Structure formats: structure tokens, C-alpha cells
Amino acid sequence: MKKYLAQFKPFLIFISTFFAAYILLTLVYKIYLNTFEANDVDGITNVVGKNVAQLMNLFHCDIKIHKSVTDSWLEVWYNKKYSVRIVEGCNAVSVIILFISFVLAFSGKLKTTLLYILFGILFVYVLNVVRIALLIVLLFYFPEYNHFLHGTFFPLIIYGAVFILWIIWVNKFSKYAK
């Protein structure tokens, strides 16, 4: 048994670090979400909505984003038409938690790890804001592609970008980099 533990030690360290970080960060995020009332929109989702509006205003889009009167999401009005809603799951926090957990599991030097995590968080956040803005416009003009755009195309882009960040991390900066 000792032989197998020694043989699989790097994998066991990776998997335990990954799951410990993922569970801890998810619990912290759930505690944060529990500070809001049932029909409130959490602060991170509000900021995401404001940033989407700011980005679209840069391109002179007719965009209005505000909290739903009855529910816990942001209503998006594009060209004076109710277009989509931004819910808590749209704020990319779960993707960021996944990203952080992976980088910590393959950690490198402390300063490099922290800087890469900060860069990654910022990159994923900006990419997510752009994703939502593009989704609003595309769904306005092509509502029949809702399932493909929201369920396949844009998740592929955001998860693909995170995967590329992971590959860069492992090959260039982690303690396993050559």
C-alpha cells in the first residue's frame, strides 16, 4: 500500500488540494450569497450588470439593466425590448472558483501563483462581461438560437479560455513546468 501511496503522491496531492480549495471557496461564496434576501440580487451580479451596461454604452447601444421587481435577477432591456435576464449564475464566480482551485492544486512560487490567479480572475471576469453583452445583442437579433448561444457556444468560449489559462499555467509557471 505504501508503494502505491508513494507512486501516486503527486496525483493525490493535486486532487486533495483541488477539492479542498474548491469546497472552501464554494462554501465562502454560499455564505456570501446567504447574506442576501431571497428576492435580492447579490452584489457581484449587480456589478456584472453595471459593467455590461457600461460596455454596451461605449458602443452607443440602447441598453437598460435593472433589478426585477418580483424576482432575484436583473432584467435586460435592449432597444426598448425585454431581452434577457442576468441571474446569479451569470456572474462567472463558479468558473473563477474552478480556475483558482486548479491553479492552487498546481501551485508554483507564491508570488507567481497569486499574480496568475489575479490575472486569471480579471481575464475571466472581463471575458464574461463581453460574453453577456454579445449574448444580449445576438439573442435580440437571433432569438431562435438561444439554446445554442447560451447553452453551447458561449460556455465553450469561457470554459475553453479557462482551459487555455490552465495549460499556460501548468506549462509555464507551476512547479511542474519544464
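A short tour of the structure in this document, coming up. Each residue is numbered by its place in its chain's sequence as written, counting from 1. Local features are withheld for residues below a pLDDT of 70 in this predicted model, meaning they are given only at 70 or higher, and side-chain atom pairs are given and counted only at 80 or more; totals for whole chains, interfaces and linings count all residues. Only hydrogens and water are set aside; all other atoms, that is, all heavy atoms of the structure, feed into the side-chain values.

Some words on the pairing of strand S2 (residues 74–78)
Burial classes: relative accessible area under 20% of the type maximum marks a residue as buried, over 50% as exposed, and values in between as partly exposed (1.4 Å probe, protein chains only). The secondary structure listing takes helices from DSSP runs of H or I that are at least 4 residues long and strands from runs of E that are at least 2 residues long, numbered from the N terminus. Buried residues dominate S2, accounting for four of its five residues. Strand direction decides the pairing type here: strand S1 (residues 63–67) and S2, joined by five bridges, are antiparallel. The residue bridging His 66 from the neighbouring strand is Glu 75, located in S2. Between the end of S1 and the start of S2, which pair antiparallel, lie six residues. One bridge is not enough; two strands pair if DSSP finds at least two bridges between them. Note that S2 and strand S3 (residues 81–86) share five bridges and pair antiparallel. The residue bridging Trp 77 from the neighbouring strand is Tyr 82, located in S3. In this antiparallel pair of consecutive strands, S2 and S3, the connection spans two residues, and Asn 79 shows a positive phi of 50 degrees.

What about unusual backbone geometry?
The residue Lys 80 is not glycine, and still its phi comes out positive at about 65 degrees. Within the secondary structure, Lys 80 is located in the loop between S2 and S3. With a phi angle near 70 degrees, Ala 92 is a residue other than glycine that sits in the positive phi range. Locating Ala 92 in the fold gives a position in the loop between S3 and helix H4 (93–105).

Focus: the nonpolar core
In this structure, Phe 99, Phe 102, Val 103, Tyr 116, Val 124, Val 162 and Trp 166 are the most contacted members of the largest nonpolar core, which totals 21 residues. The set of elements that each furnish at least two residues to this core consists of helix H2 (9–33), H4, helix H5 (110–141) and helix H6 (146–173). Ranked by residue count, the leading element in this core is H4, at seven residues. In contact with Val 162, other than residues within four places in its own chain, are Val 95, Phe 99 and Val 124. In this description, a nonpolar core means a group of buried Ala, Val, Leu, Ile, Met, Phe, Trp, Tyr and Cys residues linked to one another through side-chain atoms lying within 4.5 Å. Contacts: residue pairs with any heavy atoms within 4.5 Å of one another.

Examining helix H3 (residues 43–58)
The length a helix should cover is 1.5 Å for every residue beyond the first. Helix length check: H3 (16 residues) gives 23 Å between terminal C-alpha atoms against 22 Å at 1.5 Å per residue, within 8%. When we look at burial in H3, the residues that qualify are Thr 45, Val 48, Gly 49, Val 52, Ala 53 and Met 56. Summarising the axial view, the buried residues of H3 lie within an arc of 135 degrees, below the 170-degree limit, and thus occupy one face. Turned more than 90 degrees away from the buried face of H3 sit Lys 50 and Leu 58, all of them exposed. The arc refers to the directions leading from the helix axis to the C-beta atoms.

Comments concerning a nonpolar patch on the surface
Candidate patch residues must exceed 30% relative accessible area and have no salt bridge, after which like charges are joined if within 9 Å and Val, Leu, Ile, Met, Phe, Trp or Tyr side chains if within 5 Å. With residues, only the protein chains shown are counted as cover, and all accessible areas are computed by Shrake-Rupley using a 1.4 Å probe. A carboxyl oxygen of Asp or Glu within 4 Å of a side-chain nitrogen of Lys or Arg is what we treat as a salt bridge. On the surface, Met 1, Tyr 4, Leu 5, Phe 8, Phe 11 and Leu 12 cluster together into a nonpolar patch covering about 670 Å² of accessible area. Elements that contribute at least two residues to the nonpolar patch include exactly helix H1 (2–7) and H2. Relative to the assigned elements, Leu 5 resides in helix H1.

Here's the deal with H4
The first and last C-alpha atoms of H4 sit 18 Å apart over 13 residues, in line with the 18 Å expected at 1.5 Å per residue. Burial of H4 is extensive: ten of the 13 residues sit out of reach of the surface. Where H4 is concerned, the buried positions are Val 93, Val 95, Ile 96, Ile 97, Phe 99, Ile 100, Ser 101, Phe 102, Val 103 and Ala 105. Lining the buried residues of H4 we find H2, H3, H5 and H6.

Points about the state of the cysteines
To count as a disulfide, a pair of cysteine sulfur atoms needs to be within 2.5 Å. Using the criterion set out here, one finds zero disulfides in the structure. This cysteine, Cys 61, is not joined by any disulfide, and Cys 90 carries the nearest cysteine sulfur, 18 Å off.

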